[in-house]
Amino acid sequence: MKVLKKTMLAAFTLLLFLPMHVNAQKDQPKVTLEFKNSETANQLVRNYTQALQKGDVAKMNAQLHESAMIYGLGGGLDSLNVEQHNVYFTNSTNQFKHSISQDLYLPVKVENNWNEGEWLLSWGTNTITDKKTGKSIVVPYHTVSMVEGGKIVFIRFFYDLLNIIESQGYTITPPKQ
C-alpha cells in the first residue's frame, strides 16, 4: 500500500508539472541552421566581403537595404546609415587594401526570441595594408548581419581594436595601484 501511495503521488506530481514543461518548451527560442533563404543570406554577405577586398564600395552598398544600419565601425557604439557607411568605406578603401582570410560563414534563423530573424554570422581575419607605406595590420573580426528580402538590413562589426592601436605605436599603461 505504501508503494502504491508513493507511485500515485509521483504520477500526480508529474501530471501537475508536465503542462508547465510543455508550455516552457513552446516559449523557448527556436534556432535553425538550415532554412529556405540560408544560401541567399550566405551569398549576400560573401558578396559584401568580396567587394570590400576589391575596394568596390558601390558593390558593398548594393548588398545593403536602403535603410540598413551598421554598428561597430571605427570602434564606436554609434550607428551608421547607408550613406555614412559609403563615406566610411570610401575613405578606408582609398587608404587601405583589405585582404580577408580564414573566413567562415554561418547562416542562422532565430524564431520566438528578441533577435528573431535570418542572420549570417561571419568570422575571419582582415589584413589591412596601408597603400602608401605598405605597413599591414592583422585584425581578427566577427560580423553579425540580419538579412531580409534579399538585402542586409543590419550589420554589427566586432574586431580586435588592440591590434590596430598597438600597430599605430600606442601602448597600454596599467592603472596606478
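Scope of this entry: the structure provided in the associated data block.

Conventions and cut-offs
- Residues numbered from 1 in each chain as written.
- Predicted model: local features only at pLDDT ≥ 70, side-chain atom pairs only at ≥ 80, totals over all residues.
- Heavy atoms only, no water.
- Pairing = 2+ DSSP bridges.
- Helix = DSSP H or I, 4+ residues; strand = E, 2+ residues; numbered from the N terminus.
- Phe/Tyr/Trp six-rings, centres within 6.5 Å; stacked < 30°, edge-to-face > 60°.
- Buried < 20%, exposed > 50% of the residue type's maximum accessible area, 1.4 Å probe, protein only.

1. What to know about the pairing of strand β6 (residues 136-148)
In this structure, strand β5 (residues 117-130) lies alongside β6, joined through 12 bridges in antiparallel fashion. Within β6, the position partnered with Thr-127 by the bridge is Val-138. Linkage of β5 to β6, two consecutive antiparallel strands, is achieved through a turn of five residues, within which Gly-134 is found at a positive phi near 80°. Bridge count for β6 against strand β7 (residues 151-159) is eight bridges, and the pairing is antiparallel. Bridged to Tyr-141 within β7 is Tyr-159.

2. Considering the packing of aromatic side chains
Under the defined criterion, the tally for this structure stands at four aromatic pairs. Summarising the aromatic geometry, the rings of Tyr-71 and Phe-154 are spaced 5.3 Å apart at their centres and angled 40° between planes, so their arrangement reads as tilted. Here the residue Tyr-71 occupies a position in strand β2 (residues 64-71), and Phe-154 occupies one in strand β7, the gap between them amounting to 83 residues. With a centroid separation of 5.1 Å and an interplanar angle of 80°, the aromatic rings of Tyr-88 and Phe-89 are classed as edge-to-face. For Phe-89, a relative accessible area of 4% translates into the label buried. Put simply, the rings of Tyr-71, Trp-119 and Phe-154 touch in pairs and so form one group of aromatic residues.

3. With respect to the environment of Val-31
With respect to the secondary-structure elements, Val-31 resides in strand β1 (residues 30-32). Judged by its relative accessible area of 55%, Val-31 is exposed. Linking Val-31 and Glu-111, residues 80 residues apart in sequence, is a C-alpha distance of 6.5 Å.

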